[in-house]
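# Structural overview for review
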Amino acid sequence: MTLTSPDLDTDARVRANDRGHVFHSWSAQALIDPLPVAGGEGATFWDYAGNSYLDFSSQLVNLNLGHQHPDLVAAIQRQAGELATIQPAMANDVRGELARRIAEVAPEGMSKVFFTNGGADANENAVRMARLVTGKRKVLAMYRSYHGNTSTAITLTGDPRRWANEPADASVVHFFGPYAYRSAFHSASEEEETARALEHLEQTIILEGASTIGAIILETVVGTNGVLVPPPGYLPGVRALCDKYGIVYIADEVMVGFGRIGEWFAFDAFDVVPDLITFAKGVNSGYVPLGGVVISDAIAAHFDTVAFPGGLTYSGHPLACAPGVATFEVFERDGILERVRDLGERVVGPRLREMAEKHPSVGEVRGRGLFWAIELVRDRETREPLVPFNAAGPAAAPMTAFAAACKKAGLWPFTHFNRVHVAPPLVITEEELVRGLDIIDEALTVADEAAAS
């Protein structure tokens, strides 16, 4: 239920407590002013000043079933009344039920789930499993990727957030993945991009030493770093290289799993089966922290008589697993996967392509389901980004102005570098979706003006 009138006293108290005592992630503390949020419902949230916003970022692309979904809230309340917590060494009904449901939508031959607190520790533990099973320590990861903020996960990450955290895990090597719009391989087609990216990856494997490489980790669709949809044949090609050289294939599905592109797992759309799947975010819309690793039977069998050297106090926490079970029920009852595919194909894709024709600042639009990127440029011919790579402060002013125009019109955008991402809750109504796209369309005039200046 929407806030009916401003509550400026509460706004001031929340703001003062935050500024006085909360240390925020990824931020220079004195240079930020976080918005005090009063509540949310569905695809909308609002502040204490009486402003409401369409949430076109699903917070951090995790709120797949939206704010305050009644089924998820009820599941948490019910579980709290029955058993609020239990250690992971015990068997628990909702933990086991959620693991069973996840295994049922995973590929055949992947029947075990190790629960974590989120995506970063899911990736940490997946890498640990791969290293233990193969006896090889090195891991390959893409540039333009994000895998989390713990030690190995941040080293795997291929964006600037890694830089200040180095050195961490010295056994990580980065390579170029496919990105046809800004091809590192000078490709003229998707087919060339696939072939050349796979050749580059194989050369990296050979030069780094296949006998030293335990795993390759990939975001199935690159998330924050561009919504980069892999071209046809690329992921099966990675699978073939992993098989050829005895390397474990880890699919990072933290952002795109559980319906974001209209599939339970995004790799289902690309004709490939990994050895390990990491997940978090959409598994329960982040209502209580939860992540995990889906493990192939072959890797799980390695630990039948050998102890796995890892664990977490809150692994498979009942209050997190209960809304996870409810998520499956909502997805099945409400046809979430089908509606995501429909809205992406019928509403979002066509509208973004119209914007690309209309706005000279739009270099490319790309995506699937309810996960899209609009790449903004100063010049369509040269493809110069609207703002420089990793821009901040005055250098990022055009994107800051674009975001401000969206917020003023009642939409909270997801912007990163020179891109705006479209990632609303999967339960957004078609009317809300169109309204949000209208706001972006209008705000792009700000980007057009910046590109022309």
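For the structure, check the block above.
Let me sum up the structure you'll find in this document. (Residues numbered from 1 in each chain as written. Predicted model: local features only at pLDDT ≥ 70, side-chain atom pairs only at ≥ 80, totals over all residues. Heavy atoms only, no water.)

### Describing the packing of aromatic side chains
- For the structure shown, the criterion picks out 17 aromatic pairs.
- Taking 6.4 Å as the distance between ring centres and 45 degrees as the angle between the ring planes, the aromatic pair formed by W163 and F389 counts as tilted. One end of the pair, W163, is in the loop between α6 (151-156) and β6 (172-175); the other, F389, is in the loop between β13 (384-385) and α12 (397-408), with 226 residues separating them in the sequence.
- Judged by its relative accessible area of 53%, F389 is exposed.
- An angle of 5 degrees between the planes, with centres 5.5 Å apart, marks the rings of F265 and F267 as stacked.
- Three or more aromatic residues joined by ring pairs form one cluster here, namely F115, F258, W264, F265, F267, F279, F328 and F331. (Phe/Tyr/Trp six-rings, centres within 6.5 Å; stacked < 30°, edge-to-face > 60°. Helix = DSSP H or I, 4+ residues; strand = E, 2+ residues; numbered from the N terminus. Buried < 20%, exposed > 50% of the residue type's maximum accessible area, 1.4 Å probe, protein only.)

### Some details on the side chain of D18
- Locating D18 in the fold gives a position in helix α1 (residues 8-21).
- Its relative accessible area of 15% is what places D18 among the buried residues.
- A polar contact is formed between the side chain of D18 and the side chain of R19, at a distance of 3.0 Å.
- When near neighbours in sequence (up to four residues on either side) are disregarded, D18 contacts H24 and P34. (Polar contact = N/O pair within 3.5 Å; in protein donor to acceptor, adjacent residues only side chain to side chain. Contact = heavy atoms within 4.5 Å.)

### With respect to helix α8 (residues 234-245)
- Here α8 contains twelve residues, and its C-alpha end-to-end distance of 17 Å stays within 8% of the 16 Å for a straight helix at 1.5 Å per residue.
- Packing partners of the buried residues in α8 comprise β5 (138-142), β6, α7 (190-208), β7 (213-219) and β8 (248-252).
- A positive backbone phi angle near 70 degrees is found at G246, which sits one or two residues after α8. (Expected span 1.5 Å × (residues − 1).)

### Focus on the packing of helix α11 (residues 336-358) against helix α13 (residues 430-452)
- Relative to each other, α11 and α13 sit at 15 degrees, their axes nearing to 11 Å. Our classification of the angle between α11 and α13 gives roughly parallel. Crossing hand, α11 versus α13: right-handed. Of the residues in α13, those in contact with L343, R346, V347, V348, R351, L352, M355 and K358 of α11 are E430, L433, V434, L437, D438, I440, D441 and L444.
- Considered class by class, the residues forming the contact of α11 with α13 number ten nonpolar, no polar and six charged. (Axes fitted to C-alpha atoms, helices over the stretch in contact; angles between N-to-C directions. Parallel < 35°, antiparallel > 145°, perpendicular 65-115°, else oblique. Left-handed = near helix turned anticlockwise from the far one by under 90°. Nonpolar A, V, L, I, M, F, W, Y, C, P; charged D, E, K, R; others polar.)

### Section: the sheet that holds strand β3 (residues 52-55)
- Here we have four strands laid out as an open sheet, ordered β1-β2-β3-β14, and mixed in their pairing. Two strands lie at the open edges of the sheet, namely β1 (37-41) and β14 (411-412), each paired on one side alone.
- Inspection of the sheet shows β3 paired to β14 by two bridges, in the parallel sense. Residue pairing for β14: L54 is matched across the bridge by L411. (Pairing = 2+ DSSP bridges.)

### What about the pattern of salt bridges?
- Counted by the stated rule, this structure contains 27 salt bridges.
- Residue D275 is joined to R239 by a salt bridge in which the shortest nitrogen-to-oxygen separation is 2.9 Å. Of this pair, D275 sits in the loop between β8 and β9 (276-279) while R239 is found in helix α8, placing the two residues 36 residues apart along the sequence. As far as burial versus exposure is concerned, D275 and R239 are alike and both buried.
- Between D441 and R351 there is a salt bridge, and its shortest N-O distance comes to 3.1 Å. Of this pair, D441 sits in helix α13 while R351 sits in helix α11, and the two are 90 residues apart along the sequence. An identical accessibility class is assigned to D441 and R351; each is buried. (Salt bridge = Lys/Arg side-chain N within 4 Å of Asp/Glu carboxyl O.)

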